[in-house]
Each structure stands twice: as structure tokens, then as C-alpha cells.
Amino acid sequence: MSMRIGIHDLSLATAGYVLDLNDLAAATGVDPDKFRIGLGQDQMSVPGLDEDIVTMGAAAALPILERHGRDSIRTLMFATESGIDQSKSAAVFAHALLGLPDTCRAVELKQACYAATAAMQAALGIVARNPEETVLVIASDIARYEVDTAAEPTQGAGAVAFLIAADPALVEIEPIVGVHTADVSDFWRPNDSATAVVDGKLSIDAYLDGLTAAWDDFRARGGVDIAEIERFCHHQPFTRMAAKAHRRMAEHTGTELGVELYETSTVYNRRMGNSYTASLYAGLAALLDFDDDLAGRRIGFVSYGSGSVTEIFTGVVSAEYREFRRQAETAARLDGRVPVSVERYRALHSGGAVSSAADVEIPVETDGPFHFTGIRHRARQYRA
Ligand code: COA
């Protein structure tokens, strides 16, 4: 008899500002339906200069600690594409801001949008060995492309934190997975670049190819038949991508899969924009918050990170998940964002990469619980 292990709690945070994509469409002379329907995006979260992956990630984790305490957490894993240091992990900064126990390991994981799933798998293994421990996983990213490109409207920012534990209150993660790695140059970010390099069309094909290959591996390993998966949560760099993934899954398995099986998972991502590693788990947050008929149902997850790694896994939702929703809290975070003009967003976009060459103080401008306050002696400074 194997132990039930999985996601015990989950919480979402985002940046302090929001840009309406209708404004971006007007400013760039694009039909707003291209963004709203063609990409499936309504808004994008825009970080203030006092925000980064650490402040958003810690903000996502805080409500989990308030609900469950800190004592059982002996591991913090921070998954991100938008790292803030080449050596020191964002996990160590978040560990300090969150006041986690000293007797805790902290590490960062990277593989474009995929790393949070690798963190989750490692966490499941740790809890399997030591069931009295829990692992806090933080996925946090800022998606930044060059302005005036096709990718600009798919930017965004957000973080999801989740707690992996035995006897989970939300979703038991099942042990059989399908994985696939292929060296593809579809999206990457050189060390000297604040924005990602992307071949958008190739990245869509690479995602869909990864999906079919990972599905085949999932089935070869004994994963359940497609008919036994009752909801889908696809990685969403822009929410229309979930539609493409869903269609490919139906074609590849020779089944009919209705849009109602994934549509609810796009609710938060439509408003937040791309949050890279967090986006799949933001999809899960929306499913748990808005689908009233999930108890006992199996969700199929497609995790994709350009470059590329794909992982397909499944989870079964607990009978009592509705008691642990975070609907109101997440609505407050999304509704609480301050709207910005295209000009202001563009200024924040170019100001987002602060040089470490000279000391600088960054004034507090957003009202989240944590702030990036500048550079001192080349080191990043934070304040709770
Ligand atoms: N009304 C409704 N839909 C419209 C429209 C309009 N007025 N104008 C265009 N569209 C649709 C297009 O038909 C297309 O739909 P399709 O995907 O079903 O073919 C969609 O909007 C996108 O337009 P298109 O011109 O094909 O692409 P683009 O040049 O704007 O680039 C991406 C789109 C996704 C390639 C680009 O935003 C990008 O590079 N994003 C970053 C990379 C990424 O997220 N990759 C995902 C995999 S990880």
C-alpha cells in the first residue's frame, strides 16, 4: 500500500500593476480581438520596480504558512526562469522573508516553464521518505519579451506556492508520469539579456511534439487511459495555447475531448499573462477555485518548458477540496492591481533590470507584503 502524497495547499500572487491589452492593442495598431480571442489574453500583470520573483513568490507562500505553520517545512524549492542571481538561489531570499526555520534546505531549479514540476516531483520523493515533513514549492516568474514584438502581449508576471505533504487536502499526485526531453532552440534567455529570445511558431510546435511524446511515454509506463482523465490542466504561455494542446491531445489519442474539460483552468491566466513556471499551477488554482464538481476526479497535467522538457502527470482531487479554496484572496490580489497606461508599462519594462554596479535605493511603490529595496555592496536587498 503506497502512501497518498500530493498538494496540501496552494496560493497565487501576482504583481502590483496591470495593463489592459485593449490599451496595448490601441497603442500598437492591432485588432484587440487578436489578443482577446487569438491569444486568449485580456490583461497582463506588470511588476513595479520594488517587485521581483522573490517578492511575488514570498507573497504567494505567506497565506500557506499562516494556515499550516512553518515547523514541518524542511525544504524550500524555488522554480524560476527569471533568476535574480547566477549563484545564490531565490529560495534563500524567500526563506529569510518568510521566516522559515533555519533547519531547512533551500534551492532554485531552472528549466524554462517546466522547473516547478521537477520541484514537485523531488518534493514528492522527499515526503515519501519522511512523511512527517512537508516541502514548500514556489514557482515565480516575470515573462519579459522585447517591446513591439509578437510576443509582447503574452508577457505577464505571477507566482504560485504549494505545499507538498502526505495525506493532502487538495490533490493526490499519482506516481506514473510521462517525460520527454529534446534539445530545441525555441525559447531561451542568454545571461546578458533581460528579455527572452523566442521563435514563437517553433515553440508552439515543440510544445505539441513534447505533449505527444510524453503522452506515449505515460501510456508505455502504465498511465491511465485518456477516458479516465476527467479534467485537463495544460501549460498556458497564453491561454489559447491550452486550446491547441487540448486539440492535439484529442487527435493523438483519437478521442473527443470537450473544451469544458480545460476551460476553467484559464480564468486566472487570462488576467495575469504568462507566469512561465507558475502558469500550469495557476491553471490548477483556477480549476480548484471555480469548478464545483472536482471531488474524486482525475486531472491530467501537461507541463512544458521550452528548450525543451515535457512532463505529463495526473492527480486526483480530494473530497473536501472546496473547504480549502482561496477564491476571495486571489480575487483580491487580481482586483487590487493598479491599472497602468502603455507608457507607464513601457517605462517599467525598461527599468526592470537593475544594474548591480552601483548602490541604489528603490522606493516602495506597490502594496504587497514584500519589497525589493535596492542594491547595496552589489547585493540585492529586501524588506518585509
Ligand atoms: N481576431 C481573432 N483572432 C485573430 C485575429 C483577430 N483579429 N488576428 C489574429 N488572430 C489569431 C490568429 O489567427 C492566430 O490564431 P491561431 O493560433 O489559431 O492560428 C493567433 O491570433 C495568433 O496570431 P498569429 O499572427 O498567428 O501569431 P503572432 O505572430 O501574433 O505570434 C505567438 C503569436 C504566440 C507566436 C507570439 O505571441 C509569441 O512568440 N509568444 C511567445 C512564445 C510563446 O508563448 N510560445 C508558446 C509555447 S511555449
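Analysis parameters
- Residues numbered from 1 in each chain as written.
- Predicted model: local features only at pLDDT ≥ 70, side-chain atom pairs only at ≥ 80, totals over all residues.
- Heavy atoms only, no water.
- Near = heavy atom within 4 Å.
- Polar contact = N/O pair within 3.5 Å; in protein donor to acceptor, adjacent residues only side chain to side chain.
- 1 Å grid on protein atoms, 1.4 Å probe; cavity = no way out; pocket = protein on both sides within 12 Å on 5 of 7 lines; lining within 4 Å.
- Sits in = over half its atoms within 2 Å of the grid points.
- Helix = DSSP H or I, 4+ residues; strand = E, 2+ residues; numbered from the N terminus.
- Nonpolar A, V, L, I, M, F, W, Y, C, P; charged D, E, K, R; others polar.
- Pairing = 2+ DSSP bridges.
- Contact = heavy atoms within 4.5 Å.
- Axes fitted to C-alpha atoms, helices over the stretch in contact; angles between N-to-C directions.
- Disulfide = S-S within 2.5 Å.
- Buried < 20%, exposed > 50% of the residue type's maximum accessible area, 1.4 Å probe, protein only.
- Core = buried A, V, L, I, M, F, W, Y, C linked by side-chain atoms within 4.5 Å.
- Domains from an automatic or database assignment.
- Buried area = accessible area lost by both parts, 1.4 Å probe.
- Salt bridge = Lys/Arg side-chain N within 4 Å of Asp/Glu carboxyl O.

Draft legend 1. Structural detail: the site of the ligand. Around the ligand, a shell composed of 18 residues is seen, among which Lys34, Lys201, Ser203, Arg240 and Lys244 lie nearest. With respect to the ligand, the backbone of Ala150 contributes an N or O atom lying 2.8 Å from an oxygen atom. Cavity membership is defined here by more than half of the atoms lying within 2 Å of grid points; on that basis the ligand lies in the second largest pocket. Looking at the shell around the ligand, the elements with two or more residues in it are α2 (32–39), α6 (200–220) and α7 (240–253). Its residues assigned to classes, the shell around the ligand shows seven nonpolar, five polar and six charged.

Draft legend 2. Structural detail: the sheet that holds strand β2 (residues 17–20). On the basis of which strands lie adjacent, the open sheet formed by three strands has the order β3-β2-β15 and mixed pairing. Each edge of the open sheet is held by one strand with a lone partner, namely β3 (43–46) and β15 (338–339). Summarising the sheet, β2 and β3 pair through four bridges and their orientation is antiparallel. From the neighbouring strand, Tyr17 faces β3, where its bridge partner is Val46. Strand contacts of helix α1 (residues 21–28): β2 and β3, with the helix running at about 55 degrees to β2, the strand carrying the most contacts. Along the sheet, helix α11 (residues 342–351) makes contact with β2 and β3, crossing β2 at roughly 125 degrees.

Draft legend 3. Spotlight on the state of the cysteines. Applying the stated criterion to the full structure yields zero disulfides. Left without a disulfide partner, Cys233 is nearest to the cysteine sulfur of Cys113, which lies 14 Å away. Take Cys233: its relative accessible area is 0%, and that puts it in the buried class.

Draft legend 4. Looking closely at the nonpolar core. Membership of the largest hydrophobic core comes to 44 residues, with the highest contact counts inside it found for Ile7, Phe162, Ile164 and Leu284. Composition of this core by domain shows at least three residues from each of domain 1 (5–170 + 324–383) and domain 2 (172–320). Apart from residues no more than four positions distant in its own chain, Leu284 is found in contact with Ile7, Leu10, Val171, Cys233, Ile299 and Phe301. Listed in part, the 38 residues of the second largest apolar core include Leu39, Ile204, Ala245 and Ile312.

Draft legend 5. Representation of the domain arrangement of the protein within the structure. When its domains are assigned, the protein resolves into domain 1 (5–170 + 324–383) and domain 2 (172–320). The centre of domain 1, based on its C-alpha atoms, is set 19 Å off from the matching centre of domain 2. Every contact between the two is made by 63 residues of domain 1 and, on the other side, 49 residues of domain 2. Both faces considered, domain 1 and domain 2 share a buried interface measuring about 4,500 Å² in area, 55% of it formed by carbon and sulfur atoms. Where domain 1 touches domain 2, the interface holds four salt bridges. Note that Asp335 is salt-bridged to Arg271, the shortest N-O span being 2.9 Å. Where domain 1 meets domain 2, there are 37 residue pairs in polar contact (both at pLDDT 80 or more).

Draft legend 6. Summary view of the pairing of strand β14 (residues 309–317). Counting buried residues in β14 gives nine out of nine residues, a clear majority hidden from the surface. Side chains of β14 alternate between two faces, with Val309, Glu311, Phe313, Gly315 and Val317 and Thr310, Ile312, Thr314 and Val316 buried alike. Examined bridge by bridge, strand β8 (residues 171–173) and β14 share three bridges and lie antiparallel to one another. Bridging from a neighbouring strand, Ile173 pairs with Gly315 of β14. Summarising the sheet, strand β9 (residues 178–181) and β14 pair through four bridges and their orientation is antiparallel. The partner of His180 across the bridge, within β14, is Thr310. Sheet topology note: the strand β13 (residues 298–305)/β14 ladder contains eight bridges and is antiparallel.

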